[in-house]
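For reference, the chains in residue letters:
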Amino acid sequence: MSVLYSNNPYSTLAGAINSAATSITVATGEGSRSPAISGTDYFYLTLSNATSNEIVKVSARSSDTMTIVRGQDGTTAQ
């Protein structure tokens, strides 16, 4: 299990999510800006809106869709 890193990947969500969502889809073609995950590897991602940030753990990525664990590093699912 390794923590993966990428130098400031960014994107926008393809659609709205709520605080219970366990996957996100980013804009078409922008998932490739994030690391490719294999096995038990993962990376952290920051979800931001106009007023707050949430850190999520990304445990899988398939193209532009990512499986996430919400509210990491002391943040709360938004």
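Anything mentioned here points back to the structure above.
Residues numbered from 1 in each chain as written. Predicted model: local features only at pLDDT ≥ 70, side-chain atom pairs only at ≥ 80, totals over all residues. Heavy atoms only, no water.

### Topic: the environment of threonine 25
Okay, step 1: Within the secondary structure, threonine 25 is located in strand β1 (residues 23-25).
Okay, step 2: As for threonine 25 and alanine 60, which are separated by 35 residues in sequence, their C-alpha atoms are 12 Å apart.
Okay, step 3: Within the structure, threonine 25 has its side chain in polar contact with the side chain of threonine 65 (distance 3.2 Å). (Helix = DSSP H or I, 4+ residues; strand = E, 2+ residues; numbered from the N terminus. Polar contact = N/O pair within 3.5 Å; in protein donor to acceptor, adjacent residues only side chain to side chain.)

### Overview of the sheet that holds strand β3 (residues 53-62)
Okay, step 1: Taking strand neighbours across the sheet as the criterion, the four strands line up as β1-β4-β3-β2 in an open arrangement whose pairing is antiparallel. Since the sheet does not close on itself, it has two edges, and those belong to β1 and β2 (43-48), each with one partner. Mean inter-strand twist for the sheet, computed between neighbouring axes without regard to direction, equals 45°.
Okay, step 2: Pairing of β3 with strand β4 (residues 65-72) involves six bridges; the strand directions are antiparallel. When the bridges of β4 are listed, alanine 60 appears paired with threonine 67. (Pairing = 2+ DSSP bridges. Axes fitted to C-alpha atoms, helices over the stretch in contact; angles between N-to-C directions.)

### As for the side chain of serine 34
Okay, step 1: Along the polypeptide, serine 34 turns up in the loop between β1 and β2.
Okay, step 2: For serine 34, a relative accessible area of 8% puts it in the buried group. (Buried < 20%, exposed > 50% of the residue type's maximum accessible area, 1.4 Å probe, protein only.)

### Some points on the environment of valine 58
Okay, step 1: Note that valine 58 resides in strand β3.
Okay, step 2: Since its relative accessible area comes to 0%, valine 58 is described here as buried.
Okay, step 3: For the pair formed by valine 58 and leucine 4, sequence separation is 54 residues and the distance between their alpha carbons is 9.8 Å.
Okay, step 4: Here valine 58 is in contact with Ile37, Tyr42, Phe43, Leu45, Met66, Thr67 and Ile68, once residues within four sequence places are set aside. (Contact = heavy atoms within 4.5 Å.)

All quantities given are derived from atomic positions and should not be read as evidence of function.
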